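Each chain, written out:
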Amino acid sequence: PINPELTLVKSAAVGGGGLVGDVITYTFTVTNTGVQTITGVTIDDALTGSVDLPVTPGTLAPGETGTATATYTIQQSDLDTGYVENTATATGQDPDGNDVTDTSDTGTDNAGDPITDPEGTETADGMGNTDGDSTNDPTVTDVPINPELTLVKSAAVGGGGLVGDVITYTFTVTNTGVQTITGVTIDDALTGSVDLPVTPGTLAPGETGTATATYTIQQSDLDAGFVENTATATGQDPDGNDVTDTSDTGTDSDGDPITDPETVDGPDPDTDPTNDPTVTTVPINPELTLVKTASVGGAGGSLGDVITYTFTVTNTGVQTITGVTIDDALTGSVDLPVTPDTLAPGETGTASATYTITQADIDRGYVENSATVTGQDPNGNDVTDVSDAGDETVESPDGDGELDNDPTNDPTVVNTIPEDEEFEIFDAITPDDGDGQNDVFTISGLQNFPDNNVKIYNRWGVLVYEKSAYHIGEGFNGTSNGRVTIQKEKKLPSGVYYYVLTYVDNGEGKSVAGPLYIKR
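Quick notes on the rules
- Residues numbered from 1 in each chain as written.
- Predicted model: local features only at pLDDT ≥ 70, side-chain atom pairs only at ≥ 80, totals over all residues.
- Heavy atoms only, no water.
- Helix = DSSP H or I, 4+ residues; strand = E, 2+ residues; numbered from the N terminus.
- Buried < 20%, exposed > 50% of the residue type's maximum accessible area, 1.4 Å probe, protein only.
- Contact = heavy atoms within 4.5 Å.
- Pairing = 2+ DSSP bridges.
- Axes fitted to C-alpha atoms, helices over the stretch in contact; angles between N-to-C directions.
- Phe/Tyr/Trp six-rings, centres within 6.5 Å; stacked < 30°, edge-to-face > 60°.
- Lys NZ or Arg CZ within 6 Å of the ring centre and 35° of its normal.
- pLDDT = per-residue confidence, 0-100.

1. Some thoughts on the overall build of the protein chain
Secondary structure summary: the protein chain contains three helices and 34 strands in total. Looking at the protein chain residue by residue over its 520 residues, the buried ones come to 41%. Considering only contacts in the protein chain between residues 6 or more positions apart, those separated by 24 or more positions represent 59%.

Set out below in structure tokens:
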């Protein structure tokens, strides 16, 4: 019998982890499975670039075996495929000089002996396919396939983080797997982004793409105290399967999402450090400002006259305040409702209460008190403010003419007057005697007529001082406020001056004039 035959088995050994740049060493084992001597045995292998690769020994008697080796460096395309597959061919010459060839097999036969069981057991190719021939199975080397994206979402706030300011989100997507990912997009409910393209949209392992989107801060965000959200990156692996990742803040220890993708937990930890929401804090300064003004009926401050107090509450913070009420001991008000009692930033609510002037008030010469407003911020904490008489930037004295250097909590003062009198005008001042008394030109009861004006002239008829709403803030202390030809801040000399008070009483304009003495 003459049946020259070679059997080629090709095996693989992978160096490293089977990633790009790692080397596969192929061993070609050629066995003479015929009955004639075969000479000049060589290997052809397109994958390794081997052409007429010599087998050692090159002459094989029946049953003898020769070997050769070749290497291949793994490419990105191999990882995208998920495996490296190829087939080699062994060629030699029989005694008549005819070629004897064999296509390589994996050598995974039943007995593991290519002589006693040359047909072996058929194995599938890289795609899982077979051809019904167990002798030519390609050598398949699996490589790691772990398609993975890592999405980091960062935020930059424009302005002060108030309503209407814009947050710009930057989405940074890194391919942290070993396969190329295509068609990468972002979905982000907060910014209304659906299939937002990432640039570039195809990412090789280690490559990064970015996208941006914006969000305008709402009042609800300030009420919450923060803006929080999570986005999702989606792409397709080489087989067309979706690869997704939920965004993280990217606050890992070394800032490298490949070597250290895990981050510390966010403000609402879920034990998963890789999906922390992006949290942008916004200013939270809940604040109410209460102004308490008085309107006096009757004779304008006499016994039995009724004072109507108006409480004006303004939300001067940035968070919505609810359940706003007034406490005022003088009027007996406890939890007096403000209308409306829920105030958005900048909104104003009001309430009113009354008080009847008593003889004790007449004897004292004034009615003075402060009220307190209380509401709740979005977290249920109380927000309070003590009332001011009107202008929180200008300090007004209390009923005794004293100041506390805090212009935001001046008590509301209503001067009382004896029967049949509207005002009590003190027509002399001694601003430099150091006793702290009579330093300012005082008109008791003027608060009851808020629409007023005071002018002061020197003896030559030159206007040296003028002020409207004279009852609010500091009064005339003998210093010019720069009217006409008199230098501003000039201290006026001792002497006789003349005041003219004009005011409106129940819609009727009235005036009072008289001398004013300055003694230094």
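There's more to say after this.
2. Some remarks on the sheet that holds strand 8 (residues 99-103)
Two strands in a sheet stick together by hydrogen bonds in their backbones, pointing the same way (parallel) or opposite ways (antiparallel). A sheet is described by the order of its strands in space; here four strands give the open sequence 4-3-7-8, paired in antiparallel fashion. One side of each edge strand has no neighbouring strand; the edge strands of this open sheet are strand 4 (50-54) and strand 8. Taking each pair of neighbouring strands and ignoring which way they run, the sheet shows an average axis angle of 25°. Relative to strand 4, strand 3 (residues 39-45) is paired through three bridges, and the arrangement is antiparallel. Looking at strand 4, one finds that Thr-42 is bridged to Pro-54.

3. Description of the sheet that holds strand 12 (residues 182-188)
The strand order across the open sheet built from four strands is 13-12-16-17, with neighbouring strands paired in antiparallel fashion. In this open sheet, the two strands that pair with only one neighbour each are strand 13 (193-197) and strand 17 (242-246). Strand after strand, the sheet turns through a mean of 25° between neighbouring axes, direction not considered. Sheet topology places strand 12 next to strand 13; three bridges connect them, and they run antiparallel. From the neighbouring strand, Thr-185 faces strand 13, where its bridge partner is Pro-197.

4. Observations concerning the packing of aromatic side chains
All chains considered together, the criterion is met by five aromatic pairs. Note on Phe-441 and Tyr-470: the rings are 6.1 Å apart at their centroids and 55° apart in plane angle, and the pair reads as tilted. Residue Phe-441 is located in the loop between strand 29 (428-429) and strand 30 (442-444), and its partner Tyr-470 is located in the loop between strand 32 (463-468) and strand 33 (495-505); the two are separated by 29 residues in the primary sequence. Exposure remark for Phe-441: the relative accessible area of 1% places this residue in the buried category. Ring centres of Phe-441 and Tyr-499 lie 5.3 Å apart, and the angle between their planes is 45°; this geometry places the pair in the tilted category. Within this pair, whereas Phe-441 is found in the loop between strand 29 and strand 30, its partner Tyr-499 is found in strand 33, the two being separated by 58 residues in sequence. A network of ring pairs unites the aromatic residues Phe-441, Tyr-465, Tyr-470, Phe-476 and Tyr-499 as a single cluster. The ring centre of Tyr-169 lies 4.0 Å from the NZ or CZ of Lys-153, which sits over that ring. Taking NZ or CZ as reference, Lys-292 lies 4.1 Å from the ring centre of Tyr-309, over its face.

5. So, the side chain of Ser-387
On the secondary structure map, Ser-387 appears in the loop between strand 26 (382-386) and strand 27 (412-415). Classification of Ser-387 by relative accessible area gives buried; the value is 0%. Not counting chain neighbours up to four residues away, the residues in contact with Ser-387 comprise Leu-290, Lys-292, Ser-370, Ala-371, Thr-408, Asn-409 and Asp-410.

6. As for unusual backbone geometry
Pro-57 follows Thr-56 through a cis peptide bond whose omega is -10°. Here Pro-57 shows up in the loop between strand 4 and strand 5 (65-73). The linkage connecting Thr-199 with the following residue, Pro-200, adopts the cis geometry, with an omega of -10°. Its place among the elements puts Pro-200 in the loop between strand 13 and strand 14 (208-216). Positioned with a positive phi, Asp-195 is a non-glycine residue whose angle comes to about 55°. Relative to the helices and strands, Asp-195 is located in strand 13.

7. Side note on the confidence of the model for the protein chain
Looking at the protein chain as a whole, its pLDDT mean stands at 86, while 88% of the residues score no less than 70. For the stretch residues 252-266, pLDDT sits under 50, and the model shows 29 contacts to residues farther than four places along the chain or on other chains.

8. Some thoughts on the environment of Gly-97
Mapped onto the fold, Gly-97 is located in the loop between strand 7 (89-93) and strand 8. Looking at Gly-97, the relative accessible area reads 48%, which means it is partly exposed. With 59 residues separating them along the chain, Gly-97 and Ile-38 place their C-alpha atoms 9.2 Å apart.

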